[in-house]
Amino acid sequence: MPLLRRLLLVLLVGLGAPAPAVVAVLALAAPGPALAQAEGVETALDYDAWAAVAKRAEDAVANARASDAAFNALRSEVQAWRDRFAAARTAGESRIQTVRGQIDALGPQPAEGATEAPDIAARRSQLTDQLAQLEAPRTAATEAFTRADGIIREIDTLLRDRSTTELLKTQPAPFNPANWPAAFTDIRRGFAQIGTEIATGLDRARNLGGLTDRLPAVLGLIAVAVGLLWKGPALVHGWTMRLRTSQEHRAQRLAGMLLSIGEVIVPTIGLVLLATALNISGLLPPRTPGSGPGLGLASVPLLAIPLFIAAWLARATFPGSAEATVPLAPDRQTEARAHMGVLGVMSALEAFRALFLTTAGDAGQAVLIFAIQTGAALSLWRLGRLFRRWAGRHTTEIAETHSSFFRQIVGLVGLALVVVALAGPLLAGTGWARLGSALTWSTVATLALFALLALLQRLATDVWLLATRRDSAENALMPVLFTVALIVLALPALALIWGARVTDLSDLGDRVAAGISLGGVTLNPGVIFTLCLVFGFGILITRIAQGALRSTILPRTRLDKGGQNAVVSGLGYVGISLAALAAIAAAGISLSSLAFVAGALSLGIGFGLQNIVQNFVSGIILLIERPVGEGDWIEAGGQMGIVKSISVRSTRIETFDKTEVIVPNADLISGQVVNWTRGNLMGRVIVPVGVAYGSDTRQVEKVLAEIAQNHPLITVNPPPRVFFIGFGADSMDFEIRAMVSDVNFGFATKSDINHEIARRFAEEGISIPFAQREVRIVNAGDLAGHPAPAGAAAPASPAPARSTSPRPPTLAADEPPPEALGTHDAGGDAAPDQR
């Protein structure tokens, strides 16, 4: 057996891979007759040969007496035929479509009793016969494919049932003391068999001779192997720690993480050299009878590989610092590393039992399995307790560095480890040794896989941080994407660990590659990738074109800002539509095939997405008609502010209070909108003024007119006007009505005019009245006749009428403030100069 195949076998068994996965992987690692036949078959399909293979496979399945290896070989042979039939099912598709197009071009078939031109009828018959000849091989291939697929499913079902039966088979229970004598006898017999084989190998080496000639090479390999095993891991670990603890540059720490892999590679090379030396020496038998899939005792050194893998994962996962995957306390990290090392030792012992002690009886196997599982279960139980204890802590430091979701995952992993640590030995001790072994070692392998994924995620994140020159990955999306990608890539390995067969994953991959059919459209990974690639490229081109228009072309035109934004947005819609059409065409999807899907979706759009579609159409209308543009001052739906952006679904308005208001586009189309700045910036301001009775009205009108005419923002044409509105309850009311050149300064203009009115009225002796109220107490005498309570004030005397002379105004509790008495004008409730 090649050394690489031995190494693969030791790793699979040491990591607890199920027996079906081991057999399938080894079958793939060594080309068999089925593969050779698949490589040497001719392009033309020999259906007679296939019929013989199918008959042999069906008979084997019906008898169900062949071994698992024989059924795996037979399945590979049938699968090779199925793959050829699958290719033949789609052969000549373009030619068939062409002939069908020719037949359709001749028009529909004539109705019953009707005739058509003889040359058309002859041509139709010729094309129909040609189409039948083209489709005949595809029909035969489809029938053969269906038969091959059915045989494969039957073989898979048979092998799966066998695996389940073997897993649930009971053995003598180690908890029963009556089984101990037989168990120890079986174990002693197994080790005695190994000793006999070693003695036989030594005698064989002496009889064959030539050991002296091979001795220098053997000693040289052993010396190098001992050096690599003794000093290699320590040297690599020292270099790794010097680089990883360096604070000078992130690249050095990244190099340290990569160099740490040498802690596994270097000793593995030493073990391989040691196994090679034992093979060359001939001191050990090349093949141990009954020792599993062809491994000799010379391969025993390879069993130490799980030890180095476990040690490397332990040091990388729990380095004793805050960079640990689960940041336990330093002393707890030391304990966790020790338990992971114990799991590596137990994995090596389990591999030795599975590969070299197969001659021990059921009782001996049950005791060995129980003993090894108990040692592994103790470490699993302790690791689970450490994880659960950390996940249950609620400290500020943990909350800041790790999310609650991560703590929940760690807590669940810890709970699973505790459950498996209790269930595995219990099953093995009560006679379910194989089931308990599968549960325990699958859990150990899963734990190792999770640790490896955490290291790969940290490595990918560090590479990304180094490439982007970022200091931290906090609140970054890429590390999350790395985690998701690694989990997806690890799913096949996880399935193999828990009992899936390689052929199961291969069939799943074939089904995924074949895709699903939806309304006559086949979606597979290739089609989806093409769709995304072409659509993404189209979006990129659209964005580049929009950027060029926005920054280079449109600023040199006479379009205003709103028009430029409308052109850029319209180009974006057109670009997205063209990108979608190009992606559909590039993926080979017929638009006619999508008609059924579009018809089905239109019903859902009509009901469920009615408002969204309405807002989308309204957004397009806004861009085309442009009743509202970016930068306009509008009032809609009781909201007033400046339009900041118009998107597909809604329009964003910034009020004068600096708050964002999102208004659906449909409301701007169907509702009433006041646009203060659309077309021009001119607007009217109205300033109400009240003067005291007895004032000269003509003089007041003249002063107000001069004030309005002298303001710089009030237009000359049309000129400002002053109106004597009427006689109020407390004053004679006037109004200044004037047009300002920029309505954005309407409130500033009114403020300036009011200041000037106060100054000029004071100079001209014109008084501004204010409201007065008289309070008369009718029953003042009655109140005076009753004694006031202790501490109460004396009753007030009747208040005289208030004077009309000017004094600071005093408002009653029910009077509105002066600003509420003003007249609402075109300036609105607020203006941009108040922002």
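Residues numbered from 1 in each chain as written. Predicted model: local features only at pLDDT ≥ 70, side-chain atom pairs only at ≥ 80, totals over all residues. Heavy atoms only, no water.

This next bit is on the sheet that holds strand β6 (residues 660–664). The 5 strands are arranged β6-β5-β4-β3-β7 in an open sheet whose pairing can be described as antiparallel. If you trace the sheet from one side to the other, it starts and ends with β6 and β7 (673–675), each paired once. The average angle at which neighbouring strand axes cross in this sheet is 40°, direction not considered. Of the pairings in the sheet, the one linking strand β5 (residues 650–655) to β6 comprises 5 bridges and is antiparallel in character. The partner of Ser650 across the bridge, within β6, is Pro664. (Pairing = 2+ DSSP bridges. Helix = DSSP H or I, 4+ residues; strand = E, 2+ residues; numbered from the N terminus. Axes fitted to C-alpha atoms, helices over the stretch in contact; angles between N-to-C directions.)

As a further point, take the side chain of Thr655. Counting through the fold element by element, Thr655 comes out in strand β5. The exposure class of Thr655 is buried, given its relative accessible area of 6%. Not counting the four nearest positions on each side in its chain, Thr655 is found in contact with Gln639, Met640, Gly641 and Val661. (Buried < 20%, exposed > 50% of the residue type's maximum accessible area, 1.4 Å probe, protein only. Contact = heavy atoms within 4.5 Å.)

Let's shift gears to the pairing of strand β8 (residues 683–691). β8 sits mainly inside the fold: 7 of its 9 residues count as buried. Here β8 pairs with strand β10 (residues 732–740) via 9 bridges, running antiparallel. In the strand pairing of β10, Val685 is matched with Ala738.

Right, let's talk about the confidence of the model for the protein for a bit. Detailed conclusions should not be drawn from predicted coordinates in areas where pLDDT is low. Per-residue confidence for the protein gives a mean pLDDT of 78; residues scoring 70 or more make up 78%. Every residue in residues 791–835 is under pLDDT 50, and counting partners more than four places away or in other chains gives 57 contacts. (pLDDT = per-residue confidence, 0-100.)

Scanning the entire structure with this criterion turns up 11 aromatic pairs. An angle of 80° between the planes, with centres 5.5 Å apart, marks the rings of Trp633 and Phe656 as edge-to-face. Residue Trp633 is located in strand β3 (residues 633–636), and its partner Phe656 is located in the loop between β5 and β6; the two are separated by 23 residues in the primary sequence. Comparing Trp633 with Phe656 shows no difference in burial state: the two are buried. When the centroid spacing of 4.5 Å and the interplanar angle of 10° are considered together, the rings of Phe724 and Phe734 count as stacked. Taken together, the positions of Phe724 in strand β9 (residues 721–727) and Phe734 in strand β10 put the pair 10 residues apart, joining distant regions of the chain. Residue classification places Phe724 among the partly exposed positions, given a relative accessible area of 36%. You can call Phe734 buried: its relative accessible area is 2%. Here a set of aromatic residues connected by ring pairs shows up, and it is made of Tyr47, Trp50, Trp81 and Phe85. Between Lys750 and the ring centre of Phe747, over which it is positioned, the NZ or CZ distance is 5.2 Å. (Phe/Tyr/Trp six-rings, centres within 6.5 Å; stacked < 30°, edge-to-face > 60°. Lys NZ or Arg CZ within 6 Å of the ring centre and 35° of its normal.)

Moving on to the environment of Arg550. Locating Arg550 in the fold gives a position in helix α21 (residues 525–553). Remark: the alpha-carbon pair of Arg550 and Val567, spanning 17 residues in sequence, is separated by 9.0 Å. When near neighbours in sequence (up to four residues on either side) are disregarded, Arg550 contacts Pro555 and Val568.

Core analysis: the biggest nonpolar cluster contains 31 residues, and Phe318 and Leu380 have the highest contact counts within it. Listed by contribution, the elements that provide at least two residues to this core are α13 (305–317), α14 (330–356), α15 (362–392), α17 (404–429) and α18 (433–468). Excluding its chain neighbours within four sequence positions, the residues that come into contact with Phe318 are Ala324, Val326, Leu328, Gln333, Ala336, Arg337, Met340 and Phe387. (Core = buried A, V, L, I, M, F, W, Y, C linked by side-chain atoms within 4.5 Å.)

In the sheet, β3 pairs with strand β4 (residues 639–646) via 4 bridges, with the strands oriented antiparallel. Residue pairing for β4: Ile634 is matched across the bridge by Gly641. Where β3 folds back on β4, the antiparallel hairpin that results is connected by 2 residues, among which Gly637 adopts a positive phi of roughly 60°.

The next thing to look at is the packing of α17 against α18. The N-to-C vectors of α17 and α18 enclose an angle of 155°; their axes lie 7 Å apart at closest approach. As summarised for this structure, α17 and α18 are arranged roughly antiparallel, according to the angle between their axes. The crossing of α17 and α18 is left-handed. Across from Leu417, Val420, Ala423, Gly424, Leu427 and Ala428 in α17, the residues of α18 making contact are Ala433, Leu435, Gly436, Leu439, Thr440, Thr443 and Leu447. (Parallel < 35°, antiparallel > 145°, perpendicular 65-115°, else oblique. Left-handed = near helix turned anticlockwise from the far one by under 90°.)

Right, let's get into a nonpolar patch on the surface. Together, Leu477, Val480, Leu481, Val484, Ile487, Val488 and Leu491 give the surface a local cluster of nonpolar side chains, amounting to about 630 Å² of exposed area. Residue position: Val480 is located in helix α19 (residues 478–497). (Patch = residues over 30% accessible without salt bridge, like charges linked within 9 Å, V, L, I, M, F, W, Y side chains within 5 Å. Areas by Shrake-Rupley, 256 points an atom, 1.4 Å probe, with all protein chains shown as cover. Salt bridge = Lys/Arg side-chain N within 4 Å of Asp/Glu carboxyl O.)

Before going further, it helps to spend a moment on the packing of α15 against α17. Taken N-terminus to C-terminus, the directions of α15 and α17 make an angle of 160°; their axes are 7 Å apart at the nearest point. In terms of their interaxial angle, α15 and α17 are classed as roughly antiparallel. With respect to the hand of their crossing, α15 and α17 are arranged in left-handed fashion. Tallied by class, residues from the contact of α15 with α17 come to 19 nonpolar, 7 polar and 3 charged. (Nonpolar A, V, L, I, M, F, W, Y, C, P; charged D, E, K, R; others polar.)

This part takes up the pattern of salt bridges. Here the structure, examined in full by the defined rule, presents 29 salt bridges. Ionic pairing is found between Glu116 and Arg124, a salt bridge with its closest N-O pair at 3.1 Å. With a relative accessible area of 27%, Glu116 lands in the partly exposed category. A residue is classified by how much of its surface remains accessible, and Arg124, at 5% relative accessible area, is buried. Residue Glu166 pairs with Arg434 through a salt bridge whose shortest N-O separation is 3.2 Å.

It is worth spelling out the sheet that holds β9 at this point. Note on sheets: strands pair through backbone hydrogen bonds, and any given pair is parallel or antiparallel. With antiparallel pairing, the 3 strands of this open sheet are ordered in space as β8-β10-β9. Single-partner strands in this sheet number two, and they are β8 and β9. If you compare each strand with its neighbour and ignore which way they point, the axes differ by 25° on average. Relative to the sheet, helix α26 (residues 697–710) contacts β8, β9 and β10, its axis offset from that of β10 by approximately 20°. Here helix α27 (residues 746–764) sits on the sheet and contacts β8 and β10; the angle it forms with β8, its principal contact strand, is near 25°.

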